[in-house]
Amino acid sequence: MKDLFTLNQRRILITGSSRGLGWAMARTMAEAKATVILNGRDRDLLEKRRKELEAQGYQIDTEAFDVAETKNAITGMQAIADRHGGLDGLVNNAAIQHRQPIQDFELSDYDRLMGINLRGCFLLSREAARLMQKKGSGRIINIASVMGRQARKTVSVYTTSKGGIVGLTKALAVELGPQGIRCNAISPGFFATEMNTVLVEDPKFSAFVEGRTPLERWGQPPEIAGAAVFLMSEASSFVNGHVLTVDVGLSAQV
């Protein structure tokens, strides 16, 4: 029987994959036999992660660049294509958070957050689509958030960026589908990652999360990896333009 969940021989770039959700997805996709290209801004950390996975027998490469820096991102994508002969999958995971009341939110911080969270996603999707169209197939996964459809105080710009990710996902699914390129999104709930450390360590906020989710706990990074493998594999061959919520029922509970 065909293994629907294998990623064998697929070349997959995961942005922001030296830590957090990106790292969890990278490890699991490597276990599923993909050639995983790790990305981030910290070259030393990427090298450490590469060695860790290669020691387990996985096929790993790295490409360090900031997704918000246009020239470097384009150059990085071309370098990946030159080394690997193309690209089969892209996970747009790189993102930042900046919590501030809108009255105090500086436009420079707005531009920085949107540049990484949304513009970077658009840019890499464009470059990936150019590579994938040559083969007539490919998968793009955008990491959205439950905050793209709901809201909390002080995260107006983050919410805006993730709402944009949902819209971009649907637009790319419609435009690229005829070329054999599927685009879907994952919408995580509250996960205990480095980006959320200040919230995880806040007893009041952690109590809120535990009371708001049916399983009464934070998500752990490895718990997002199965969804990513599904959307990157043949198991999701007829899934396109979908936003898969992974929040243990948070958005379902009143």
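Our subject is the structure that appears above.
Residues numbered from 1 in each chain as written. Predicted model: local features only at pLDDT ≥ 70, side-chain atom pairs only at ≥ 80, totals over all residues. Heavy atoms only, no water.

## Comments concerning the packing of aromatic side chains
Note the threshold: Centres within 6.5 Å make a pair out of two Phe, Tyr or Trp rings, where for Trp the six-membered ring is used; the pair is then stacked when the planes are under 30 degrees apart, edge-to-face when over 60, and tilted otherwise. Comment: elements are numbered from the N terminus, with helices defined as DSSP H or I runs of at least four residues and strands as E runs of at least two. Think of it in three bands: residues with accessible area under 20% of the maximum for their type are buried, residues over 50% are exposed, and the middle band is partly exposed, with areas taken using a 1.4 Å probe on protein chains only. Any Lys NZ or Arg CZ that is within 6 Å of a ring centre and within 35 degrees of that ring's normal is treated as a charge sitting over the ring.
Going through the model one piece at a time under the given rule, you end up with five aromatic pairs. Seen in terms of ring centroids, Phe205 and Phe208 are 5.5 Å apart; in terms of plane orientation they differ by 55 degrees. Their pairing is tilted. Within this pair, Phe205 and its partner Phe208 are both found in helix H7 (residues 203–212), separated by three residues, close to a single helical turn. With centroids separated by 6.1 Å and ring planes inclined at 40 degrees, the aromatic side chains of Phe205 and Trp218 adopt a geometry described as tilted. Taken as a pair, Phe205 in helix H7 and Trp218 in the loop between H7 and helix H8 (225–232) lie far apart in primary sequence, 13 residues in all. Exposure class is identical for Phe205 and Trp218. Each is buried. Clustering of aromatic rings is evident, with ring pairs tying together Phe190, Phe205, Phe208 and Trp218. Over the ring of Trp23 we find Arg49, and its NZ or CZ is 4.2 Å from the ring centre. It is Arg152 that lies over the ring of Phe208; its NZ or CZ is 4.6 Å from the centre.

## Some words on the sheet that holds strand E7 (residues 243–246)
We count it as follows: Paired strands, in this sense, are two strands between which DSSP finds at least two bridges. Axis angles are defined between N-to-C directions and span 0 to 180 degrees, where every axis is a line fitted to C-alpha atoms and, for a helix, only to the segment in contact. We call two residues contacting when some pair of their heavy atoms lies within 4.5 Å.
Overall, parallel pairing links the seven strands, which are arranged E3-E2-E1-E4-E5-E6-E7 in an open sheet. This sheet does not close on itself; its edge strands, each paired only once, are strand E3 (60–64) and E7. Direction aside, neighbouring strands of the sheet carry axes that sit 20 degrees apart on average. Here strand E5 (residues 138–143) pairs with strand E6 (residues 181–188) via six bridges, running parallel. Counterpart to Ile141 in the pairing with E6 is Asn184. Here helix H3 (residues 70–84) sits on the sheet and contacts strand E1 (11–14), strand E2 (35–40) and E3; the angle it forms with E3, its principal contact strand, is near 155 degrees.

## Quick notes on the pattern of salt bridges
What counts, and what does not: Throughout this description, the term salt bridge denotes a Lys or Arg side-chain nitrogen within 4 Å of a carboxyl oxygen of Asp or Glu.
Applying the stated criterion across every chain, the model contains 13 salt bridges. A salt bridge links Asp61 to Arg83, with the shortest nitrogen-to-oxygen separation between them at 2.8 Å. Here Asp61, found in strand E3, pairs with Arg83, found in helix H3; they are 22 residues apart in sequence, far enough to count as distant. Take Asp61: its relative accessible area is 14%, and that puts it in the buried class. The partner of Glu223 in a salt bridge is Arg217, and the shortest N-O contact between them spans 2.7 Å. Exposure remark for Arg217: the relative accessible area of 35% places this residue in the partly exposed category. A single network of salt bridges, built from pairs that share partners, joins Arg10, Arg139 and Glu234.

## Looking at helix H5 (residues 156–176)
What counts here: Helix span is expected to be 1.5 Å times the residue number reduced by one.
With 21 residues, H5 ought to run about 30 Å at 1.5 Å a step, and its terminal C-alpha atoms sit 30 Å apart, in line with that. Check the buried side of H5 and you find it contacts helix H4 (107–132), E5, E6 and E7.

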